[in-house]
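Inside the fold
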Amino acid sequence: GENVEQHPSTLSVQEGDSAVIKCTYSDSASNYFPWYKQELGKRPQLIIDIRSNVGEKKDQRIAVTLNKTAKHFSLHITETQPEDSAVYFCAASFTDKLIFGTGTRLQVFP
Amino acid sequence: SAVISQKPSRDICQRGTSLTIQCQVDSQVTMMFWYRQQPGQSLTLIATANQGSEATYESGFVIDKFPISRPNLTFSTLTVSNMSPEDSSIYLCSVEGFFRTAYNEQFFGPGTRLTVL
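Criteria and cut-off values
Residues numbered from 1 in each chain as written. Chains lettered and ligands numbered in written order. Predicted model: local features only at pLDDT ≥ 70, side-chain atom pairs only at ≥ 80, totals over all residues. Heavy atoms only, no water. Salt bridge = Lys/Arg side-chain N within 4 Å of Asp/Glu carboxyl O. Helix = DSSP H or I, 4+ residues; strand = E, 2+ residues; numbered from the N terminus. Buried < 20%, exposed > 50% of the residue type's maximum accessible area, 1.4 Å probe, protein only. Core = buried A, V, L, I, M, F, W, Y, C linked by side-chain atoms within 4.5 Å. Contact = heavy atoms within 4.5 Å. Buried area = accessible area lost by both parts, 1.4 Å probe. Polar contact = N/O pair within 3.5 Å; in protein donor to acceptor, adjacent residues only side chain to side chain. Nonpolar A, V, L, I, M, F, W, Y, C, P; charged D, E, K, R; others polar. Pairing = 2+ DSSP bridges. Axes fitted to C-alpha atoms, helices over the stretch in contact; angles between N-to-C directions. Phe/Tyr/Trp six-rings, centres within 6.5 Å; stacked < 30°, edge-to-face > 60°. 1 Å grid on protein atoms, 1.4 Å probe; cavity = no way out; pocket = protein on both sides within 12 Å on 5 of 7 lines; lining within 4 Å. Points joined across faces, edges and corners; volume = space filled by probe spheres on them.

What follows covers the pattern of salt bridges. On inspection of all chains with the given rule, the structure shows 5 salt bridges over all chains. With its nearest N and O atoms 3.3 Å apart, the salt bridge here joins A:Glu2 to A:Lys97. Note that A:Glu2 is positioned in the segment before strand 1 (4–7) and A:Lys97 in strand 10 (residues 97–100), a separation of 95 residues in sequence. With relative accessibility at 28%, the residue A:Glu2 sits in the partly exposed group. A:Lys97 gets classed as buried once you look at its relative accessible area, which sits at 11%. Across the salt bridge formed by A:Asp49 and A:Lys57, the nearest N and O atoms sit 2.9 Å from each other. Its relative accessible area of 36% is what places A:Lys57 among the partly exposed residues. Beyond isolated ion pairs, a larger network of salt bridges with shared partners links A:Glu2, A:Lys97 and B:Glu58.

Okay, here's the thing in structure tokens:
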């Protein structure tokens, strides 16, 4: 069945460093790949997404890359700040629904 | 963007009882979904709430345990029936397809934190 794997499960970086989170998906028909940020006690917030017709998308300090052949996509956060600390979830579309990865807890130390 | 609300925001319930959670959107949406998020875990899709017809349930979730209604394009309910402590979780609705959003883009409600004693 459909599956999304996400790594690492936890990530600690120093403020100003970069962070990279990686996901792989199983369904070659998946064509939409969003990333959500969830702060403690809050709802997941869509922060960036990419569709299968592009290989990379950037929005200020965050970027997402997609390799359809290898069925993996990554979130890149540059110049990390303490407010980037949260749990990040990737997801992949499967028909009309989203399948979520297991999440990455990012901690940015000042 | 659409405003999505859920009621109640949290509840503490006794085992064997049922709780109905409401999800209200301030604009019409095409799709509404219900997820469960257990403590420290990811988001698991329970079902897709279909307007005017029976919900589509994911593997491991059944209508008798999680009946869902969607009477119109802005409102849905999820009932957690005959609760046990294992049902303690956060339940989130999400919506897709309101004005100026794209296919598959989902936005979440604030969630309902359920504790079953």
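For the rest of this paragraph, the subject is the nonpolar core. One recurring pattern in soluble globular proteins is that nonpolar side chains are buried together. Core analysis: the largest hydrophobic core is formed by 27 residues, its most contacted members being B:Trp34, B:Ile46, B:Phe66, B:Ile68, B:Leu78, B:Tyr91 and B:Leu114. Sorting the residues of this core by element identifies strand 3 (19–25), strand 4 (31–37), strand 5 (44–49), strand 8 (75–80), strand 9 (89–96) and strand 11 (112–116) of chain B as the ones contributing at least two each. Those residues in contact with B:Tyr91, other than ones at most four positions away along the chain, are B:Gln6, B:Ile21, B:Tyr35, B:Arg36, B:Ile46, B:Phe66, B:Leu78, B:Val80, B:Gly111, B:Thr112 and B:Leu114. Core analysis: the second largest hydrophobic core is formed by 24 residues, A:Leu11, A:Cys23, A:Tyr25 and A:Ile50 among them.

Glancing now at the interface of chain A and chain B. Each side of the interface is counted separately: chain A has 19 residues, and chain B has 21 residues. Both faces combined, the contact of chain A with chain B buries some 1600 Å², and carbon together with sulfur accounts for 50% of it. Broken down residue by residue, the surface that chain A buries against chain B is led by A:Arg43, A:Asp96 and A:Phe100, which jointly contribute 33%. Taken together, the links from chain A to chain B amount to 1 salt bridge. With its nearest N and O atoms 2.6 Å apart, the salt bridge here joins B:Glu58 to A:Lys97. Counting across the interface, chain A meets chain B through 8 residue pairs in polar contact (both at pLDDT 80 or more). Counted by class, the side of chain A that touches chain B contains 7 nonpolar, 6 polar and 6 charged residues.

Turning our attention to the sheet that holds strand 6 (residues 56–59) of chain A. Residues and elements named next belong to chain A. Taken together, 5 strands build an open sheet; the order of strands is 1-3-8-7-6 and the sheet is antiparallel. The sheet terminates laterally at strand 1 and strand 6, the two strands that pair on one side only. Across the sheet, the axes of successive neighbouring strands diverge by a mean angle of 15°, strand direction being ignored. As judged from the 4 bridges shared by strand 6 and strand 7 (residues 62–67), these two strands associate in the antiparallel manner. Of the residues in strand 7, the one forming a bridge with lysine 57 is valine 64.

Another aspect to go through is the packing of aromatic side chains. A ring pair, where both rings are aromatic, is described by two values, the distance of the centres and the angle of the planes. All names here are of chain A. In total, this model carries 11 aromatic pairs over all chains according to the counting rule given. Pairing tyrosine 25 with phenylalanine 73 gives two aromatic rings, centres 6.0 Å apart and planes at 55°, and the pair type is tilted. Note that tyrosine 25 is positioned in strand 3 (residues 19–25) and phenylalanine 73 in strand 8 (residues 72–77), a separation of 48 residues in sequence. In this pair, the class of tyrosine 25 matches that of phenylalanine 73, namely buried. Between tryptophan 35 and phenylalanine 73, the aromatic rings sit 5.6 Å apart at their centres with planes inclined by 70°, giving edge-to-face as the arrangement. Of this pair, tryptophan 35 sits in strand 4 (residues 32–38) while phenylalanine 73 sits in strand 8, and the two are 38 residues apart along the sequence.

Okay, empty space enclosed by the protein next. Residues and elements named next belong to chain A. In total, this model carries 1 cavity of 30 Å³ or more according to the counting rule given. In this structure, the largest cavity occupies an estimated 40 Å³ of space. The biggest single contributor to the lining of the largest cavity is strand 9 (residues 86–94), with 3 residues. Counted by class, the lining of the largest cavity contains 5 nonpolar, 4 polar and 2 charged residues.

Residues and elements named next belong to chain B. Burial of strand 9 is extensive: 7 of the 8 residues sit out of reach of the surface. Where strand 9 meets strand 11, 3 bridges bridge the pair, whose relative direction is antiparallel. Its bridge partner being in strand 11, isoleucine 90 is matched across the sheet by arginine 113. In this sheet, strand 10 (residues 106–108) lies alongside strand 9 in antiparallel orientation, the contact comprising 3 bridges. By the bridge assignment for strand 10, serine 94 is matched with phenylalanine 108.

None of this, on its own, says anything about what the molecule does.
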